[in-house]
Amino acid sequence: MKKLFRFIGRLLLWFFGITIGMTLVLRFVPVYFTPLMAIRLVEGPANEKSDRQFKKDWVPLEEISQHLVQAVVASEDQKFLDHNGFDMDAIKEAIEGNQSGKRLRGGSTITNQTAKNVFLWPGRNYLRKGLEAYFTVLIEFIWSKERIMEVYLNVIEMGDGIYGAEAAAQAFYKKPAAKLSRQEAAMIAAVLPNPLRWSPAKPTAYNQKRQAWILRNMNNLAPVKFDTAK
């Protein structure tokens, strides 16, 4: 038993050392590749109908339209600047809604989504959700809110084989991410819940309705401003 406990202890030390080290490095180094990107590349050749191409360009946050920052906060996580990675009110509402038999929903924040996209694989099992919570705590502690937003907008899946704001802006609007208008930013945010099903290039009536809702929220929210002291 002592050997087993020593082995588990060493394993945990390695895990914490590696994950904390990775998080520290990625506070400063661009994230060019994620587990989801690897999975999609493997899935592509297996799908005969897919003509998936890998489109990914890293740009600093100052080269991404403020409209897109405002749009994703308005649509995905309106308390982004105020919470510590977990929106407890949204989680409570999600639990109550799921228990009442309504359509399953989550209380995922932008920090949760960033942790999942950068470090983990898609899935809903308890192990992955536990690791997502762990990495959420890590990046909230080690990164600034500005860095979390920068990474999020550079790695999030925005279309079939399209990752990040710059690739999406070029693919859908033939312009750099810095030049996205409010309407374009809101439409990109509108398709984020299912970017493989929907596209800003061919919005559905539902996408347009969601875009209008996002635009209203953008008007109602205070401008997203980051504390650069951290």
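Note that the structure is predicted; figures quoted are calculated from it, not measured.

1. Describing a positive patch on the surface
Residues Lys 2, Lys 3, Arg 6 and Arg 10 make up a contiguous surface patch of positive charge. Take Lys 3: it is sitting in helix H1 (residues 2-26). You can call Lys 3 exposed: its relative accessible area is 67%.

2. Looking at the packing of helix H3 (residues 66-76) against helix H7 (residues 145-155)
Direction vectors running N to C along H3 and H7 enclose 90°, while the axes themselves pass 11 Å from each other. One finds that H3 runs roughly perpendicular with respect to H7. Residues Leu 68, Val 69, Val 72, Val 73 and Glu 76 of H3 touch H7, and the partners they reach there are Met 149, Tyr 152 and Leu 153.

3. What to know about helix H8 (residues 165-173)
Within the sequence span of H8, burial applies to Ala 165, Glu 166, Ala 167, Ala 168, Ala 169 and Phe 172. Those residues of H8 that are buried are in contact with strand E1 (55-56), H3, H7, strand E2 (157-159), strand E3 (162-163) and helix H9 (182-191). Positive backbone phi, approximately 55°, marks Lys 174, located one or two places after H8.

4. A few points about a nonpolar patch on the surface
The grouping of Met 1, Leu 4, Phe 5, Phe 7, Ile 8, Leu 11, Leu 12, Phe 15, Phe 16, Ile 20 and Leu 24 at the surface amounts to a nonpolar patch, some 1,100 Å² of accessible area in total. With respect to the helices and strands, Ile 8 occurs in helix H1. On the basis of relative accessibility, which here comes to 36%, the residue Ile 8 falls in the partly exposed class.

5. A word on unusual backbone geometry
Non-glycine residue Lys 174 carries a positive phi angle of around 55°. Tracing the backbone shows Lys 174 in the loop between H8 and H9. With a relative accessible area of 69%, Lys 174 lands in the exposed category.

6. Here's the deal with the sheet that holds E2
One open sheet accounts for three strands, arranged E1-E3-E2; its pairing is mixed. Each of the sheet's edge strands pairs with one partner strand only, and the pair in question is E1 and E2. The sheet contact formed by E2 and E3 spans two bridges and is antiparallel. Looking across to E3, one finds that Glu 157 is bridged to Tyr 163.

7. Topic: the packing of aromatic side chains
Between two aromatic rings, the relevant description is the distance of the centres plus the angle of the planes. Overall, the coordinates contain eight aromatic pairs when judged by the stated rule. Between the aromatic rings of Phe 15 and Tyr 134, the centroid separation amounts to 5.2 Å while the plane-to-plane angle is 35°, which identifies the pairing as tilted. Pair noted here: Phe 15 is in helix H1 and Tyr 134 is in helix H6 (residues 126-142), with a separation of 119 residues, a long-range link. Looking at Phe 15, the relative accessible area reads 31%, which means it is partly exposed.

Parameters and conventions
- Residues numbered from 1 in each chain as written.
- Predicted model: local features only at pLDDT ≥ 70, side-chain atom pairs only at ≥ 80, totals over all residues.
- Heavy atoms only, no water.
- Patch = residues over 30% accessible without salt bridge, like charges linked within 9 Å, V, L, I, M, F, W, Y side chains within 5 Å.
- Areas by Shrake-Rupley, 256 points an atom, 1.4 Å probe, with all protein chains shown as cover.
- Salt bridge = Lys/Arg side-chain N within 4 Å of Asp/Glu carboxyl O.
- Lys, Arg positive; Asp, Glu negative; His and termini not counted.
- Charge placed at Lys NZ, Arg CZ, Asp CG, Glu CD.
- Helix = DSSP H or I, 4+ residues; strand = E, 2+ residues; numbered from the N terminus.
- Buried < 20%, exposed > 50% of the residue type's maximum accessible area, 1.4 Å probe, protein only.
- Axes fitted to C-alpha atoms, helices over the stretch in contact; angles between N-to-C directions.
- Parallel < 35°, antiparallel > 145°, perpendicular 65-115°, else oblique.
- Contact = heavy atoms within 4.5 Å.
- Pairing = 2+ DSSP bridges.
- Phe/Tyr/Trp six-rings, centres within 6.5 Å; stacked < 30°, edge-to-face > 60°.

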